[in-house]
Each structure stands twice: as structure tokens, then as C-alpha cells.
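Chains, contacts and geometry: an overview
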Amino acid sequence: MNTSVLLQRVGQVDPTRLEDYVAHGGFDALRRALLRRPEKVVEEVKASGLVGRGGAAFPTGVKWEAVARESRTPKYVVCNADESEPGTFKDRVLMEGDPFAVLEGMAIAAYATGASEGYIYVRGEYARAYTLLRSAVDQATQAGFLGDAILGSDFSFHVHIYRGAGAYVCGEETALFESIEGKRGQPRQKPPFPTTHGLFGQPTVINNVETLANVPPLILNGAEWFRSLGPEEAPGPKLFSVSGAVNKPGVYEATMDVTLRELIEEYAGGVRDGGKVQAVLVGGAAGTFVGPKDLDVPMSFSGLRRVGASPGSGAVMVVDERVNMWDVLLRIARFFAHESCGKCYPCRLGTQRQLEIVTRMASGALRYKDFLRLQDLHATMRDASLCGLGQTAGNAIISGLKVMGMGMSDD
Amino acid sequence: MHVIIDGQRVPVSPEMTILEAAEQVGIHIPRLCVHESLTPQALCRLCVVEWEGARTLVPACVARVQDRAVIHTQSERVRRARRTILELLASTVDLSEAPELLAYAEEVGADLERFSDGERLTFPVYDDNPFYVRDYNKCVLCGRCVQACGDDMQFTYALTISGRGFHSRVDTFYHLPMPQTTCVFCGNCVAVCPTGALKAKEELLLEEGLSPEAIWQRKREEKRAWYKER
Ligand SMILES: Cc1cc2nc3c(=O)[nH]c(=O)nc-3n(C[C@H](O)[C@H](O)[C@H](O)COP(=O)(O)O)c2cc1C
Ligand code: SF4
Ligand code: SF4
């Protein structure tokens, strides 16, 4: 189903002007939230069924509740705006088109959980998003929507902006904290989880930009409305970044019962030059390739699970038949070898060996031994790596081989 | 409270790690980066075990027990990961002075030549001070020396990791020779190094066949030259 909730103001308002946001209903949700007790706000988010849009799909209300329960202060709300998953560009559209909505979502999260400080960690390459957010924070603070005694209440919340320096792994929540703390951007072993030991070791809510942008409409229209949108297992509006060999690449909003075929043919105008789909990478480099026979699955968790995939960040990358799949796999292997932080052995060493083997295969040397080695690397990285980067580093390679008709039985 | 490890019922207390619980009943789980005097980093992943119901394998050095958890330390999934990690290590650096790792490799049937067509990490040997020699061709990047030099022991911070991914390495800040760093030559890093990458000069020279007298003579000269230079 087509919705226009998250993108409703994008292109309609001037992202540099607070007045424009307010004139379009901006900060009404924060006002409404402040009239309720924080527990009620958490309850509403829990009842809505909203799950995180950053990739891991964790229930947002459950996360907030865990932080709300913590008595240690200060607590933090961190907005994950690192958006570095290849093929994902939806957060950018939100930050550049409707930056105040992200701040409003953060303020509501802070009120609900008792947090007093907020951080936005913006992808280093997103200069425009940074500038717009910077100005949005300043304007909202001036106008009393952020800062001390917000809207005359006794709730205070200060927002700081931090820029990334180009590492994919710094989008992983604990590496992101390390980076803000001024350390090497490397993930921490979990548990402890951010809800108890997050930024500076304090209880922390960390949410994706899109997750936070869902909060104001959810609070305004209620959990029941939210639940009425899309499938029960994952309700609410969702953004999909559709790219690759399509006529109209872009960010599209739909509910999660939309199928891959609808996204490609109806939303993105079909495969370019009347070509045919060879493979679709769902969920970015960390995601999974599905073949042309599987395009009718819905983009929900259960739907994609049937074809061995998951929605991840909502990236849909279309590869048409004219593209050499080996080049695609080689680029992905190179990406992971380049982005591995080097902390844990399976990923530090495995991504390098995977790259070497895929390089050889791409140049035409197909040896049985290499297929077996790739499989062991995939299983070892998936099962034993410390963070999600290594755990997913072999996904696209193994599923890509399968789509190319070179799958192995024991994946 | 108890857990089941490899079919054995093991009584445990809540703060215990799986590694400790297993140790209690004499089950030895392979490990490398963990050290009794250092904060566990859970980065070598050799100690991973299968916890029924968990999505991935879990590192036994830090994972705390939960009542009735069912854990396998020798399942095929565990052995596959352990075997591959050891094969990867052996293809990258020189494990000849890490007998424990070689024993683990034998135990899980690792083929140490399996990835030997891949890039190896090679470094010059750093012999830049009178006290110890750094041969990173043997370094498995367990990070123990960095921790010992930093927050876990000496608070000197002479050592760090530079680079990223496969090309990560132990380094000094700005790649300076040891005497120009904050190093106080306490030797803690040498003491915790599991692979012979860091070695006391005496030990190295003894291995090279020098007599103790010759070693002392040489070290005295080196130190004299060193102090003069400073
Ligand atoms: C390697 C890696 C990169 C990630 N990059 C991002 C990112 O750029 N943006 C993001 O929101 N989440 C990213 N995540 C997921 C975060 O760790 C975390 O789950 C998310 O920020 C939680 O927010 P949510 O619950 O609102 O989705 C990444 C995870 C991994 C393992
Ligand atoms: S899985 Fe990769 S990125 Fe994550 S901690 Fe290990 S080496 Fe670093
Ligand atoms: S030098 Fe030794 S202690 Fe330091 S990381 Fe390498 S193997 Fe570990």
C-alpha cells in the first residue's frame, strides 16, 4: 500500500525554516506528548508495533521502556544518521527534506525515557544534511522546542551534532558510541546493550533517522492508526531506496506488504531500457540477492524470509541482465574487506580471504576448492564475528552465487 | 542454578562466564586473547560455543551463564568456526612460537596450508631499544600488549592499533621508535604476549646462541649508547 506519512512534507516545506515546519503541524506531537506522562508515551510506541528502521528491526517501544526503567543519569538519545549501507539513501531524504521532524522524534524519545542529552551522528559525506540539521537545532533551541524548559515544561533536552569520518562500521551502534567518545571506531561486545551501557557508558536510546521520523505522526494519530497501516508483523510506513537498473531510482514510501515487483515495476518505473531483472540485492551490501523468480514476495520479514532474505534498511538494488554479476560480487567483497574494522579475527581475516577468492573467480578461474573455502568463510564470519558487519559479510556473495546457478547445498 | 555443557549438568552462580563454568568440570575451551589480568575483549573468537536458541555462536570468555542454558563446546558448527579461524591465522602470520594454537589446530583438524595462497602480513623486526624486540610477523593481534600498556596495567599508552581491517597492526603513535614514545620499558606487554612477537632481548639473544656474559656485555653497551643519545 502506498502511504504518504514520512515524506508528506518533503518537497513541500522549506527545510531551512522552522516556521514552515510549524505551519505544517510541526511540533504538535511534542506538545501532545508533553501533556501525557512519559510512561504513556512509551506505552503508545509499544502498542504501535513500530520496529527500528536501521536494519535490525528491534521493537522501538521495548527499547525505550528499557531505558526509561534505568535510574542512572544522564541518559542519552542518539540518532543514528550514519547511513552508510550501500544502496541506502532514505535517511538523507528525510534529513534534507524535513530535518525538524527528526528533532521532534528525538525530543519525544527523550521525554519518554528521561534523557537529557541528544546526539545526532551524521554520515561524514552528508554535508547538506549536516548544515540543515545544524541550523534546525539552533532554530528549534531558540524557539524553545529544544534546550531548557521545553515549551514551558520542566523537561530539558540539548541536542549535539557529531559528524562521522567515512567508516561503514561506525553505523553499528556501539562503534558509533566509541567514535563519539573519541576512540577508534570499533564495536563493543554485547551485552551489555546500549539501553544500560550506551554512550559514555550511560543508558542510551539509539534509533535510526527513519525510526525517529515515524514517532511524531504515531503520537499524533495514535497506535491504532499506525497498526492499521500494512502487515500486522511490521506496521507503519516504510521508506525503500530503489536503485540500480531501473527507470526512476529513488526513495519510495509504502507499507511492508509491498512486493519487490511492485517496487521495481510500479514505483521505480520498471527495468531501464526494457531489460530484464537478473538479480535484486535486498537490504544493501549486508543483504541478500534474490533471483527474478522471487519478485512476488512482500517486503515483510516473513515474506522475505521465504526467499532467505530480510528487508534490512529497505535498500533494493536492481541488477539487470546486461551486468556482469562477477563485477557486482567483486565490488561487494572489496567493500567488506575495506570496511572491516579489524577487531575480531573471523571478519578481519575472512573478508580479506573472501576478496582474494572472489577476485580470482571473477577473472574466470572457477575451482571447486574455492567454493568450499567461500562457504567456510561465510559460515565462520556469520557465526563467530563480533558485530553485524562480519556476520553479514558473506551473505551477498553466497546468495549471489546461488542466483547465478552456482549455489552449494550446505548454505 | 545450573547449565548443561556438552551434556553435563554444571552447577553455576549468576556472575560466572561459560568459560569458568566449563573449567569447573574440566572442559577446556580453546582461547587466545583472554588473559587473567586483562579485561576480556572477545575478539579472537576461538572460544565461541553453541548456545541452543542463540542466533550466532557466543564467546565463552564474556558470555554469562543463564539458568538451564544448553551449551555445546564441540558441535560441528563450533569446530568449523574454530578450524577456519586457525586456518586463517596460520595463513597470515607465523605461529611457530604459539604451541597452544598449533595444538588447537591439530585438535580440530585444521589444515594450516589451506589459505596459504593468500596475502601474508610481513613486517621488519623492530629492534629499537635495549630491552625488547618486536617481531610483528608473529603477531596475532590479540591486543593484549595494548591493553597492558594502557588501561589494564601501566597507563602508559605507548602502544596502539593503527590501520584497519586486514592491515590493522600494533604500532606506536606516529610509528615512532620505542624510545621516543611514552614507553617506560616495564615489560608488561612482553609478559602478556602469547606468540613470541614481543620478546625480551636476553631471551632472543640466548636463542641466538649468545652466552649470558656476552649478552650482558652487549646490553651494557647498548644502554650506554642509548643514554648518551638521549
Ligand atoms: C555494520 C553496521 C552498520 C550499520 N549502519 C547503520 C546505519 O548507517 N544507520 C542505522 O540507523 N543503523 C545502522 N546499523 C544498525 C545499528 O547498529 C542499530 O541497530 C540501529 O541504529 C538501531 O536503530 P533502530 O532500532 O531505530 O533501527 C548498522 C549496523 C551494523 C552492524
Ligand atoms: S565483525 Fe568485522 S567490523 Fe565487526 S568487530 Fe569484527 S572485525 Fe570489526
Ligand atoms: S604483539 Fe603479542 S600481545 Fe601484542 S597484539 Fe601481537 S600477539 Fe598480542
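Residues numbered from 1 in each chain as written. Chains lettered and ligands numbered in written order. Predicted model: local features only at pLDDT ≥ 70, side-chain atom pairs only at ≥ 80, totals over all residues. Heavy atoms only, no water.

Brief notes about the nonpolar core
In plain terms, the rule: To qualify as a nonpolar core, a set must consist of buried Ala, Val, Leu, Ile, Met, Phe, Trp, Tyr and Cys residues joined through side-chain atoms within 4.5 Å. For every residue, the accessible area (1.4 Å probe, protein chains only) is compared with the maximum for its type, and the residue is labelled buried under 20%, exposed over 50%, or partly exposed between those bounds. Put simply, DSSP H or I for four residues or longer makes a helix, DSSP E for two residues or longer makes a strand, and each gets a number counted from the N terminus. Contacts between residues were defined by any pair of non-hydrogen atoms, one from each residue, lying within 4.5 Å.
Residues F289, I332 and Y345 of chain A together with L101 and V140 of chain B are the most contacted members of the largest nonpolar core, which totals 99 residues. Per element, the largest residue contribution to this core is ten residues, and it comes from helix α12 (residues 325-339) of chain A. Sequence-distant contacts of V140 of chain B, defined by excluding residues within four places in its chain, comprise Y345 and R348 of chain A together with L32, L89, V93, L95, L101 and T195 of chain B.

Examining the packing of aromatic side chains
Residue and element names in this part refer to chain A. Selection rule: For this analysis, a ring pair means two rings from Phe, Tyr or Trp (six-membered ring only for Trp) whose centres lie within 6.5 Å, classed as stacked if their planes differ by under 30 degrees, edge-to-face if by over 60, and tilted for the remaining angles.
Evaluated as defined, the whole model comprises 18 aromatic pairs over all chains. Relative to F145, the ring of F27 lies with its centre 4.0 Å away and its plane at 5°, an arrangement referred to as stacked. Of the two residues, F27 sits in the loop between α1 (18-23) and α2 (28-34) while F145 sits in the loop between α7 (127-142) and β3 (158-163), which places them 118 residues apart along the sequence. As far as the burial class goes, F27 and F145 line up, both buried. Taking the centre distance of 6.1 Å and the plane angle of 65° together, the rings of W225 and F226 count as edge-to-face. Three or more aromatic residues joined by ring pairs make a cluster, and in this case those are Y21, F27, F100 and F145.

Examining the sheet that holds strand β7 (residues 277-282) of chain A
Residue and element names in this part refer to chain A. What counts, and what does not: Note on pairing: DSSP must find at least two bridges between two strands before they are called paired. The convention used is that axes are lines fitted to C-alpha atoms, helices contributing only their stretch in contact, and that angles between N-to-C directions extend from 0 to 180 degrees.
Taking strand neighbours across the sheet as the criterion, the five strands line up as β6-β5-β9-β7-β8 in an open arrangement whose pairing is mixed. Of all strands in the sheet, those with a lone pairing partner are β6 (250-254) and β8 (288-290), marking the two edges. Sheet twist, expressed as the average angle between the axes of neighbouring strands with direction ignored, equals 25°. Note: strand β5 (residues 238-244) against strand β9 (residues 315-320), four bridges, orientation parallel. When the sheet's bridge partners are listed, V242 is paired in β9 with V316. Most of the contacts of α12 go to β8, to which it runs at about 165°, and overall it touches β7, β8 and β9.

What to know about the interface of chain B and chain A
For an interface, size is often stated in terms of accessible area lost upon the parts coming together. Keep this limit in mind: A 1.4 Å probe defines the accessible area here, and the buried area is the portion of it lost by two parts on being joined, summed over both. Salt bridge, as applied in this entry: a Lys or Arg side-chain nitrogen positioned within 4 Å of an Asp or Glu carboxyl oxygen. As used in this structure description, the phrase polar contact means that two N or O atoms lie within 3.5 Å; if the pair is within protein, one of them must be able to donate a hydrogen and the other to accept it, and residues adjacent in sequence are counted only when both atoms belong to side chains. The residue classification treats Ala, Val, Leu, Ile, Met, Phe, Trp, Tyr, Cys and Pro as nonpolar and Asp, Glu, Lys and Arg as charged. All others, Gly included, are polar.
Listed by partner, the interface residues are 36 residues for chain B and 36 residues for chain A. Between chain B and chain A, the buried area comes to about 3,000 Å², and carbon and sulfur atoms account for 49% of it. Across the pair R360 of chain A and D117 of chain B runs a salt bridge, and its minimum N-O distance is 3.4 Å. The interface formed by chain B and chain A contains 27 residue pairs in polar contact (both at pLDDT 80 or more). The element contributing the most residues to the side of chain B that touches chain A is helix α2 (residues 76-90) of chain B, with seven residues. Within the side of chain B that touches chain A, the residues separate by chemical class into 18 nonpolar, ten polar and eight charged.

A few points about the pattern of salt bridges
The full count for this structure, using the stated rule, is 51 salt bridges over all chains. One salt bridge connects D320 of chain A with R272 of chain A, and the closest N-O pair in it is separated by 3.5 Å. Taken as a pair, D320 of chain A in strand β9 and R272 of chain A in the loop between α10 (260-267) and β7 lie far apart in primary sequence, 48 residues in all. With relative accessibility at 1%, the residue D320 of chain A sits in the buried group. One salt bridge in this structure joins D383 of chain A and R77 of chain B, with 3.0 Å as the shortest N-O distance. Here D383 of chain A, found in helix α14 (residues 368-384), pairs with R77 of chain B, found in helix α2, and the two come from separate chains. Judged by relative accessible area, D383 of chain A falls into the buried class, the value being 3%.

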